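Here's the letter readout for the chains.
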Amino acid sequence: MKVIGLMSGTSVDGIDAALVEITGKTLDLRAELLAGETYPYPEQWRSQILAVCGGAKLSMLELAELDDAIATCFARAAMAIQERYLADFPGGTAATLIGSHGQTVFHRPTTDRLMGYSLQLGRGELIAAISQTTTIDNFRAADIAAGGQGAPLVPKTDAYLLGDPIEHRYVQNIGGIGNVTYLPPTSQPDWEQKVCGWDTGPGNSLLDLAVTQLSEGKLTFDRDGAWAATGKVCEPLVSQWLAQEYFCTPPPKSTGRELFGAEYLKNCLVDAVPYQLTPADLLATLTDLTASSIADSYRQFLPQLSAATDVMGSQRVLLCGGGSRNLYLRQRLQHRLPHTQIATTDEAGVNGDYKEAIAFAVLAYWRHHHIPGNLPAATGAKKPMLLGDVHPLE
């Protein structure tokens with residue numbers, strides 16, 4: 001079955017579109033990327049999305065208009081990737097299903113007192129109407145209804161696409177927010193019950209905000225980590241920041257720009273004043289916060305990490321997402337995990353730029369086949385759930 005997966009993360013870089021051919025169900029699941037592309041948002045909508053994520057107020061009319069604008073962008077991305085594939089392969093057949101994550105603008109994790117609340121804009125019914133393709137969206141709601149966080153939702157797809165018989169694998173996405181899936185060797189008894197995952201903390205979110213501020217808007221991200229690489233990490237600051245409650249909270253857990261956003265960066269800048277850091281030093285230190293929060297979370301919540309170090313080559317971190325291309329960030333992560341191989345999901349057969357979009361194509365495929373898509377060990381849900389609302393064509 002050919003399925004298009006659509007994803008835009010907390011970095012709001014654009015819409016990742018992946019056209020995928022999927023076979024099998026779980027243990028025999030295969031997902032071949034036929035075409036992938038990132039379609040930038042028009043600046044008008046990107047700016048408004050970032051403003052809303054930062055707490056800007058909207059009237060209900062403005063919210064509806066933004067919802068429809070995002071849905072239109074998503075639909076156009078789906079149609080564009082479809083047209084590109086059919087142009088490259090004239091004898092090919094079109095995708096019959098779209099899985100759209102939508103654009104998260106607000107995420108409140110589930111707590112002991114409150115059910116979680118997660119809002120993704122870009123309504124599926126409009127995507128279906130414009131693209132003339134059955135669309136599945138609103139993947140988080142069913143997991144939240146079952147007591148889960150609604151995120152992360154990719155661990156189950158990671159398990160069946162990236163599991164290995166020998167290696168312990170840590171599939172680390174670094175988008176605006178970082179999230180990890182731990183995969184034990186598939187040769188272990190009951191390995192599927194040992195898969196887990198959570199949001200590790202900031203990925204690129206604080207870095208991108210800092211770069212924009214320090215460059216006075218001339219830059220929106222630090223390409224390859226080149227600017228940060230000229231600075232020096234302030235270790236006392238990293239240790240201070242890692243004492244933040246989120247990093248010490250055990251999984252299941254999820255987060256977003258609501259925590260690691262503009263206000264958090266503002267506090268970081270205040271903390272940095274006594275150290276008289278240069279802009280490059282500040283970026284190096286924020287980069288190390290991302291790397292250290294990832295490494296520390298593994299050590300705190302995955303006892304397998306220390307046990308796996310006894311076997312040479314038995315463990316590997318597989319990076320994906322925009323942060324995987326930040327060379328300085330990779331260096332800092334390797335520094336924090338000296339005995340662990342650092343690679344990318346590309347090296348394990350899954351395109352790292354489009355892995356999240358591929359995941360939502362698979363989640364839509366599973367919903368179509370009535371297969372639960374969440375992993376309760378990762379989200380905290382009481383049970384596996386069918387994920388997503390189906391918007392069929394008339």
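Residues numbered from 1 in each chain as written. Predicted model: local features only at pLDDT ≥ 70, side-chain atom pairs only at ≥ 80, totals over all residues. Heavy atoms only, no water.

As recorded in an unreviewed UniProt entry, the protein goes by the name Anhydro-N-acetylmuramic acid kinase, listed as coming from Chamaesiphon polymorphus CCALA 037. UniProt, in its Catalytic activity (unreviewed entry) section for the protein, records the words "1,6-anhydro-N-acetyl-beta-muramate + ATP + H2O = N-acetyl-D-muramate 6-phosphate + ADP + H(+)". As recorded by UniProt, the Sequence similarities (unreviewed entry) comment attached to the protein reads in full: "Belongs to the anhydro-N-acetylmuramic acid kinase family." (UniProt positions renumbered as here; feature names shortened; annotations may be inferred.)

Trainee: Teacher, can you tell me more about the pattern of salt bridges here?
Mentor: When their charged atoms lie close together, side chains carrying opposite charge are able to pair. Counting across every chain of the model gives 16 salt bridges. Of the charged contacts in the structure, one is a salt bridge between Asp 68 and Arg 123, with a shortest N-O distance of 2.7 Å. With Asp 68 in helix α2 (residues 60-88) and Arg 123 in the loop between β5 (117-121) and α3 (124-131), the pair connects residues that are 55 residues apart, well separated along the chain. Judged by its relative accessible area of 26%, Asp 68 is partly exposed. Residue Arg 299 pairs with Asp 296 through a salt bridge whose shortest N-O separation is 3.7 Å. (Salt bridge = Lys/Arg side-chain N within 4 Å of Asp/Glu carboxyl O. Helix = DSSP H or I, 4+ residues; strand = E, 2+ residues; numbered from the N terminus. Buried < 20%, exposed > 50% of the residue type's maximum accessible area, 1.4 Å probe, protein only.)

Trainee: How should the packing of helix α7 (residues 235-242) against helix α10 (residues 279-301) be read in this particular structure?
Mentor: When two helices pack together, their arrangement is captured by the angle between the axes and the distance separating the axes. Two numbers describe how α7 lies on α10: the axes approach to 10 Å, and their chain directions differ by 50°. Overall, the two elements α7 and α10 adopt an arrangement that is oblique. Here the hand of the crossing between α7 and α10 comes out right-handed. Here Leu 237, Val 238, Trp 241 and Leu 242 of α7 come into contact with α10, specifically with Thr 285, Leu 286, Asp 288, Leu 289, Ser 292, Ser 293 and Asp 296. (Axes fitted to C-alpha atoms, helices over the stretch in contact; angles between N-to-C directions. Parallel < 35°, antiparallel > 145°, perpendicular 65-115°, else oblique. Left-handed = near helix turned anticlockwise from the far one by under 90°. Contact = heavy atoms within 4.5 Å.)

Trainee: What is the right way to read the UniProt feature "binding site: ATP" (unreviewed entry) in the protein from this model?
Mentor: Sequence positions flagged by UniProt for "binding site: ATP" (unreviewed entry) are, in local numbering, Gly 9, Thr 10, Ser 11, Val 12, Asp 13, Gly 14, Ile 15 and Asp 16. The residue Gly 9 is located in the loop between β1 (2-8) and β2 (15-23) in this model. Taking the relative accessible area as the measure of exposure, Gly 9 reaches 29% and is therefore partly exposed. Beyond its immediate sequence surroundings of up to four residues, Asp 16 is in contact with Gly 5, Leu 6, Met 7, Glu 37, Thr 38, Asp 353, Tyr 354 and Ala 357.

Trainee: Looking at this structure, I do not really get the environment of Phe 106. What am I missing?
Mentor: Positionally, Phe 106 belongs in strand β4 (residues 97-108). Look at Phe 106 and you get partly exposed, because its relative accessible area is 34%. Distance in space between the C-alpha atoms of Phe 106 and Lys 266 is 20 Å, their sequence separation being 160 residues. In contact with Phe 106, other than residues within four places in its own chain, are Tyr 117, Ser 118, Leu 119 and Glu 258.

Trainee: What is the right way to look at the nonpolar core in this model?
Mentor: For soluble globular proteins, nonpolar side chains are generally found buried alongside one another. In terms of nonpolar packing, the biggest core is built from 38 residues, with Ile 22, Phe 139 and Trp 366 touching the most fellow members. Those elements giving two or more residues to this core turn out to be β1, β2, α5 (155-162) and α13 (355-368). Sorting elements by how many residues they give to this core places α13 first, with nine residues. Looking at this core, you find at least three residues from each of domain 1 (2-150 + 354-391) and domain 2 (155-339). Setting aside its immediate chain neighbours within four residues, Phe 139 contacts Gly 99, Ser 100, His 101, Leu 153, Phe 360, Leu 363, Ala 364, Leu 387 and Gly 388. If you look at the next biggest cluster of nonpolar residues, it comprises 29 residues, including Val 52, Ile 70, Phe 74 and Ala 95. (Core = buried A, V, L, I, M, F, W, Y, C linked by side-chain atoms within 4.5 Å. Domains from an automatic or database assignment.)

Trainee: What is the right way to look at the sheet that holds strand β9 (residues 196-202) in this model?
Mentor: Pairing between the strands of a sheet is mediated by backbone hydrogen bonds and can be parallel or antiparallel. Taking strand neighbours across the sheet as the criterion, the five strands line up as β9-β8-β7-β10-β11 in an open arrangement whose pairing is mixed. The sheet is open, and its two edges are formed by β9 and β11 (341-344), each paired on a single side. On average, each strand axis in the sheet is inclined to that of its neighbour by 25°, with strand direction left out of account. In this structure, strand β7 (residues 168-174) lies alongside strand β8 (residues 177-183), joined through six bridges in antiparallel fashion. By the bridge assignment for β8, Tyr 170 is matched with Tyr 182. (Pairing = 2+ DSSP bridges.)

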